[in-house]
Amino acid sequence: MIPLSWYLIFSTALFCVGLFGVLARKNAIGILMGVELMLNAVNLNLLAFWSYLYAAQMNGLVFVAIVFITASAEVAVGLALIISVYRCRRIVVADEMTELRG
Amino acid sequence: MTTELLLWLIPLLPLLAFGLISLFSFRSRGVSHGLALGSVGLSWLGSMVIFFRAIGGLTSISSSDFRASRFDWLPLGKGTFQIGMQLDQLSTVTLFFVAWTVLMIFIYSVGYHNYGSPIGEYDLPGLPPHGAVIKDKKGRSHRVPSVEPLYSRFFAFFALFAFAMYLLVLTDNLLVLYIAWEIMGLCSYLLIGFWYARPSARDAAVKAFITTRVGDMFMLIGLAALYSISGTLSYHEIFSAQALEKLVSSQAPVLGLSWAGLIGLLIFFGTIGKSAQFPLHVWLPDAMEGPTPVSAMIHAATMVSAGVYLALRTFPLISAGWAPGDALNPTMMVMATIGAFTALFAALIAVGQNDMKRVLAYSTISQLGFMIAALGIGAYVAAAFHLVTHAFFKALLFLGSGSVIHGMEHGVLHTNEQVDPQNMFKMGGLRKKMPLTFWTFLIGGFALSGFPLVTAGFWSKDEILSKVFETGHLLIFITLALSALITAFYTMRQITLTFLGKPRSKSAEHAQESRPVMTLPLVVLAFFAITAGWVGIPGNFPAIGGLLPNWFEHFLAGIQLEVEITNAYSLAPLFTSLVVALGGLTLGWLVYRRVSMGSPDPLQKPLGRVHTWLVNKFYVDELYNLVLVRPAYWLAETFSYQWIDKGLLDGILYAIGRFGLWLGQFFRTTIDRLINWIGDKVIADGVRGTGKQLSTAQSGRLQQYLILMVAISLLIGIFFIFTLFGSGNLGY
Amino acid sequence: MAVIQIVFILVAVVTIISAGMVVSVRSMVHAALWLVLALLGVAALFALLQVRFFPVVQVLVYIGAIATLIIVAVMLTRQVMQDVGSQLNSNWWLAAFVSVTLFIGMVWALSNWPGMMTTTRAVPPGGEDIVAFGKALTDPAGFVIPFEVASVLLLGALIGAIFLATERKEKQG
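Residues numbered from 1 in each chain as written. Chains lettered and ligands numbered in written order. Predicted model: local features only at pLDDT ≥ 70, side-chain atom pairs only at ≥ 80, totals over all residues.

### Some thoughts on the overall build of chain C
Counting secondary structure elements, chain C contains 7 helices and 0 strands. Taken from the N to the C terminus, the helices and strands of chain C come in the order α-α-α-α-α-α-α. Per-residue burial over chain C gives 27% buried out of 173 residues. (Helix = DSSP H or I, 4+ residues; strand = E, 2+ residues; numbered from the N terminus. Buried ≥ 20, exposed ≤ 12 C-beta atoms within 10 Å, placed from the backbone.)

Quick look at the structure:
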C-alpha cells in the first residue's frame with residue numbers, strides 16, 4: 001500500500017534536517033545529535049530499499065547492522081572527546097574549539 | 001793479413017781507442033795517449049803495408065778498382081744497400097799522406113800539451129793551461145808550462161777524428177763517406193771548442209759547425225737526387241759508363257743542367273763548405289781558436305782536404321760528358337771560378353793578418369782554391385798532386401807555428417809580460433833561439449811558395465799552372481799566378497817577422513826551442529815536403545824530365561779521364577811560376593826585414609785604405625752578420641718569441657681566461673641574480689603570502705569545514721547532473 | 001487511503017517535527033528528549049517495513065544506549081552552557097539553504113526513477129528470515145569478516161573512549 005517513494009522522501013527529509021543540525025548547531029553535542037538523525041535516515045533508506053526490492057539478499061540487512069554498530073562506536077568516542085575537551089578547556093561550543101586553526 | 005782485413009782494421013783501431021779512452025782511461029794521461037798513439041801507429045803500419053802492396057801489385061793502368069770488400073747492410077724494398085771498403089789509386093795516395101800526417105801530429109800533440117809537466121795551480125778544465133810554479137834546486141821559483149787539464153779528452157776526440165778520416169778515405173760508397181764527413185764535422189766542433197770556457201772558442205765552434213752544415217745540406221740533396229735516379233751510392237756502380245751516360249743525358253729541372261751537372265754542383269757545395277771556399281770560408285780563420293795540433297790536422301792536412309778528396313772522387317760525375325779540349329760544362333765552370341777567386345781573395349787577406357795561425361789559415365783556403373780551380377778545368381792529376389804535397393807542407397807549417405807559439409809562451413811565463421804569444425809583430429830573431437823550428441819552417445814556407453826544384457810545392461803548383469795555361473783559360477791562369485805571387489810574399493813576410501831580425505819583445509828574447517817529441521815530427525814532415533814532389537816530375541820538363549818517371553801521373557791515370565799531354569812543354573807557365581815564387585819571396589824579405597819593436601806594418605802607409613780592408617778580411621763576416629745572423633736572431637727572439645709566442649698565443653690564452661672570468665661575472669650578476677630574485681621574491685615570498693592568506697580559511701572550526709564541503713559537493717553534483725546527463729535525464 | 005497509510009503519515013509527521021525540535025530548541029536536555037522521540041518514530045517506521053529485528057535493535061541500542069549517553073554527556077557539560085542565546089551559529093542560513101537544496105535535488109533525482117512508485121514488497125509477509133540473516137553474518141562465504149571487523153571497531157571505540165575520558169590524575173594534580 002505504501003509506495004516506496006513515501007519512505008524515500010521521508011528519509012531524505014530526515015537526512016536534511018539532520019544535516020542542518022550538524023551544520024548549524026553551536027553545541028558540540030547538538031552536532032552529534034544531528035549526526036544521529038542522519039544515520040537513522042540512512043538506515044531507513046537502506047531498509048526501505050531492501051524491503052521493497054532486494055529482500056532475497058542478506059547484504060542489505062548486514063549493511064544496516066554495520067551502520068548501527070558504527071553509529072554506536074562513533075557516539076561513544078565522540079562523547080568521550082567532547083567530555084575530554086570540556087574537561088581541559090571548559091567549553092562545549094564547537095566554534096570555540098579552534099586548536100586546529102591555521 | 002789480407003788487404004781486405006786491413007782495410008777494415010785501419011779505421012776501426014782508432015775508434016776502439018776512442019771508446020777505451022773515453023770509457024776507461026780518461027784519468028790516466030799516459031794510458032790515454034798510449035792507447036791513442038798505439039792505435040794510430042798500428043793504423044799507420046797497416047796503411048803502409050797496403051800502400052806498398054798496392055803499388056807493387058798495380059802495374060797495369062786499366063784496372064779501375066781492385067781490392068774491395070762489401071757486405072749487405074740495409075735491407076730495402078728491392079735488394080739491400082751494400083757498404084764496404086775499397087782501395088783504388090786515389091784512395092791509395094790519399095791514404096799515404098793521411099797516415100803519415102796523422103801519426104806525426106799525434107806524436108806532436110803529446111809534447112804540445114806538455115805531457116810530463118806539473119799541473120798548474122790555477123788551471124781549470126776548459127781553459128788553456130797557464131803555467132805552474134816550481135822551485136828549482138836553489139829554492140827560486142820559476143814558472144814553467146803546465147800540462148793540459150783535459151789531456152785524455154783531447155786524445156779521445158783526436159782518435160775519433162782519425163777514425164772518421166780513415167773511414168772517409170777507404171769507404172766505397174757515398175753514404176758512408178757522408179757519415180764520416182759528418183763525424184769529422186762533429187770532431188771539428190768538439191776540438192775547436194776544446195777550451196770551452198772561452199767564449200770566443202765556443203762561438204768559433206758553433207760558427208764552424210753551422211757554416212759547414214750549410215754546405216752539407218746541399219750535398220745531402222745531391223746525394224738524395226743521385227740515389228733516387230741511379231738507385232745506388234757505391235762508386236763502382238755510379239761511376240760506371242752507363243750510369244754516367246744516363247745521368248748526363250737526363251735533364252734536371254733546375255737551370256737547364258743535366259742531372260749529372262746538378263748533382264755534381266750540389267756535391268761541390270759540400271766541398272765549398274768543408275774546404276772553406278769563398279762564400280763559406282768564414283769559419284776557418286775562427287777555427288784557429290783550437291789548439292795548434294787541431295789546426296794542423298783538421299784544418300790543414302786532413303779535414304779540409306776531405307772536401308777536395310770528395311771533389312776528386314766525384315770528378316767523373318762532375319765532368320760527365322766533358323772530354324779534354326772541350327769547353328767546360330757549367331759545374332766545372334763554377335768550380336774553376338770559385339777556386340780561382342778564393343785563391344786570390346784569401347791570399348790578399350793573409351797579407352794583412354798579424355796572428356801567425358790566421359796567416360796559415362788563409363793560406364790553406366788559398367791553396368785549396370788552387371786545387372779546386374785545377375779540378376775545375378779538368379786537371380785531375382795536378383789537383384791530386386797538389387793535395388798530397390800541400391798536406392805535408394801545411395801540416396809542417398802549422399806544427400812549426402805551434403812550436404814557435406810554445407817558445408813564445410815559455411818566454412811569456414819567464415818574463416810575465418802581457419803579450420799575445422801568437423802575434424808576429426812581437427816576435428823576431430827566433431832563428432837563433434829555435435834553430436830546428438826555423439829550418440823546418442823555412443822548408444815548409446819555401447814549399448808553400450813554390451821554391452824551384454827542391455820543394456814539393458814547386459812541382460805541384462807548377463803542374464797546375466801549366467795545365468791551366470795549356471788548356472787556354474788565361475783569366476784563371478793570371479788569377480792563380482797572382483795568388484802564387486802573393487802567397488810567396490806573405491810567406492816570406494811571416495818568416496821574416498817571426499825568425500829574422502831582432503826580437504821585438506822580451507818574451508821573444510827568452511824563447512826556447514821545443515822538446516824533441518815536438519821537433520821530430522817537424523823533421524819528418526820536412527823530409528816529405530822536400531821529396532814528395534819528385535814523384536811527379538812531368539816527363540817533358542826541360543833538362544830533368546825523364547830522369548825519374550812521372551810515377552804519380554801513371555798511377556792515377558787508371559781512374560781519370562785525362563790523357564797525358566805529349567806535346568812540347570810550354571815554357572811560359574814555368575817562367576811565370578819561377579818569377580812569381582822567387583819574386584814574391586824576395587819582395588817579402590825586403591819589405592819586412594827592418595820592422596822594429598812597436599812600429600806598425602810597413603804596408604799600412606802605402607796601401608792605406610786597402611790595407612784596412614785586408615786586415616778586416618774584406619768585411620765578409622760583418623756582412624754575414626748583418627744579412628744572415630741578425631735577421632735570424634730577430635726572427636727567433638723578437639718575432640717568434642715575443643710577438644707570436646708571448647703576444648699572440650699567450651694573448652689568446654689570457655683572452656680566454658679573461659673571457660671566462662667575464663662570463664662568470666655575467667652569469668652571476670644578471671642571470672643568477674635574476675633567478676635568485678625569482679626564487680626569493682616571486683616564489684618564496686609569494687608562496688608564503690599566499691599561504692598566509694589562504695590559511696585564514698583554516699579557522700579550526702569544524703562546522704565551517706563541513707558546510708563548505710557540503711555546499712561545494714552539492715554544487716558539483718548539480719553541475720554534473722546538468723552537464724553530463726542533460727537536464728532532466730538521469731539515464732536510468 | 002488505507003489504514004496503514006494513515007499510520008505512516010502520522011508517524012512520519014511526528015518524527016519530522018521531533019527532528020526539527022532536536023535541531024532548534026535551546027535547552028540541550030530538551031533536545032535530547034526530542035531526539036528520543038524521533039528515534040522512536042524511526043523504530044515505528046522500521047516496524048512498518050516488516051523487518052522484525054531492527055525496531056528492537058533501534059530501541060535497545062539507540063534509545064537505550066546512545067540517547068542515554070547523550071543525556072549523560074549533556075548533564076556533564078551543562079555548567080558552561082547557560083542555555084541562553086541562540087543555539088544556531090552564524091552560518092545557519094547557509095546551512096538551511098544547503099539542506100533545502102539538497103532535499104529538493106534528491107527528491108527530483110529520485111522522481112526520475114521509474115521504480116519509485118512500486119507498492120509491492122519483496123519481503124515475505126512474515127518479515128525477514130532471521131535465521132538466514134544470522135547465518136549470513138557468520139558464514140565465511142558470507143559476511144563474517146565485516147561482522148568481525150565491526151567487533152574490532154567496537155573494541156577500539158571502547159578502549160578509545162575509556163582512554164580519552166580518563167582523568168589524567170598526574171596532569172591535573
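### Describing the overall build of chain B
Scanning chain B from terminus to terminus reveals 28 helices and 4 strands. Expressed as a percentage of the 732 residues in chain B, the buried residues total 49%. Considering only contacts within chain B whose residues lie at least 6 apart along the sequence, 77% involve residues at least 24 apart. (Contact = placed C-beta atoms within 7 Å.)

### Focus on the nonpolar core
The biggest cluster of nonpolar side chains holds 212 residues, and the ones touching the most others in it are Ala395(B) and Leu480(B). Element by element, the count of residues in this core is highest for helix H16 (residues 380-415) of chain B, at 21 residues. Ala395(B) has contacts with Thr101(B), Met104(B), Ile105(B), Ala296(B), Ala300(B), Ala301(B) and Leu525(B), leaving out every residue within four places of it along the chain. In this structure, Ala32(C), Phe54(C), Ile66(C) and Ala157(C) belong to the second largest nonpolar core, which totals 79 residues. (Core = buried A, V, L, I, M, F, W, Y, C linked by C-beta atoms within 7 Å.)

### Here we look at unusual backbone geometry
Residue and element names in this part refer to chain B. Even without glycine at this site, asparagine 114 takes up a positive phi of about 60 degrees. Turning to its location among the elements, asparagine 114 is positioned in the loop between helix H3 (89-112) and strand S3 (132-135). Even without being a glycine, tyrosine 619 presents a positive backbone phi close to 55 degrees. Within the element layout of this structure, tyrosine 619 appears in the loop between helix H26 (609-615) and helix H27 (620-695). Overall, tyrosine 619 belongs to the exposed group, with 12 C-beta atoms counted inside 10 Å.

### As for the packing of helix H18 (residues 435-449) of chain B against helix H20 (residues 474-499) of chain B
All names here are of chain B. Contact geometry of H18 with H20 gives a least axis separation of 9 Å together with a crossing angle of 165 degrees. In terms of orientation, H18 and H20 fall into the roughly antiparallel class. Relative to H20, the crossing made by H18 is left-handed. The segment H18 lies against H20, with Phe438, Phe441, Leu442, Gly445, Leu448 and Ser449 engaging Thr487, Ala488, Thr491, Ile495 and Phe499. (Axes fitted to C-alpha atoms, helices over the stretch in contact; angles between N-to-C directions. Parallel < 35°, antiparallel > 145°, perpendicular 65-115°, else oblique. Left-handed = near helix turned anticlockwise from the far one by under 90°.)

### Remarks on the interface of chain C and chain A
One frequent convention defines the size of an interface as the accessible area lost when the parts assemble. Of the residues lining the interface, 72 residues belong to chain C; the matching set on chain A comes to 65 residues. Of the residues that constitute the side of chain C that touches chain A, the class distribution is 58 nonpolar, 12 polar and 2 charged. (Nonpolar A, V, L, I, M, F, W, Y, C, P; charged D, E, K, R; others polar.)

### So, the interface of chain B and chain C
The interface of chain B with chain C comprises 9 residues on the first partner and 12 residues on the second. Its residues assigned to classes, the side of chain B that touches chain C shows 7 nonpolar, 2 polar and no charged.

### A closer look at helix H5 (residues 174-192) of chain B
Its 19 residues give H5(B) an end-to-end C-alpha distance of 26 Å, which sits within 8% of 27 Å, the value for a rise of 1.5 Å per residue. In terms of burial, H5(B) is a largely internal element, 14 of the 19 residues being buried. (Expected span 1.5 Å × (residues − 1).)

### What about the pairing of strand S4 (residues 141-144) of chain B?
All names here are of chain B. As paired elements, S3 and S4 share 4 bridges and run antiparallel to each other. Bridging across to S4, valine 133 finds its partner in arginine 143. Taking the residues between adjacent antiparallel strands as the criterion, S3 and S4 are bridged by 5 residues, where glycine 139 takes a positive phi near 90 degrees. (Pairing = 2+ DSSP bridges.)

### What to know about the packing of helix H3 (residues 59-89) of chain A against helix H6 (residues 144-165) of chain C
Remark: H3(A) packs on H6(C), axes separated minimally by 8 Å, with the N-to-C direction vectors making an angle of 10 degrees. Considering the angle they form, H3(A) stands roughly parallel to H6(C). Residues Val62(A), Ile66(A), Ile69(A), Thr70(A), Ala73(A), Ala76(A), Val77(A), Ala80(A), Leu81(A), Ile83(A) and Ser84(A) of H3(A) pack against Pro146(C), Ala150(C), Leu153(C), Leu154(C), Ala157(C), Gly160(C), Ala161(C), Leu164(C) and Ala165(C) of H6(C). Across the contact of H3(A) with H6(C), the residue classes break down as 17 nonpolar, 3 polar and no charged.

### So, the environment of Val517(B)
Residue and element names in this part refer to chain B. With respect to the secondary-structure elements, valine 517 resides in helix H22 (residues 516-531). A sequence separation of 409 residues divides valine 517 from tyrosine 108, and the C-alpha atoms of the two residues are 6.1 Å apart. Those residues within four positions of valine 517 in sequence are excluded, and the remaining contacts are Ile107, Val110 and Gly111.

### Quick word on the confidence of the model for chain B
Interpreting fine coordinate detail is not advised for predicted regions of low pLDDT. Across chain B, pLDDT averages 85, with 94% of residues at or above 70. In the model, residues 59-65 of chain B has pLDDT below 50 throughout and makes 12 contacts with residues more than four positions away in sequence or in other chains. (pLDDT = per-residue confidence, 0-100.)

### Looking at the environment of Ala157(C)
With respect to the helices, strands and loops of the structure, Ala157(C) is situated in helix H6. Residue classification places Ala157(C) among the buried positions, given that 20 C-beta atoms sit within 10 Å. Setting aside chain neighbours within four positions, we find Ala157(C) in contact with Ala73(A), Ala76(A) and Val77(A).

### Topic: the environment of Asn45(A)
Residues and elements named next belong to chain A. Within the secondary structure, asparagine 45 is located in helix H2 (residues 28-52). A C-alpha to C-alpha distance of 9.8 Å links asparagine 45 and phenylalanine 15, two positions 30 residues apart in sequence. Ignoring sequence-local partners within four residues, the contact set of asparagine 45 consists of Leu8 and Ser11.

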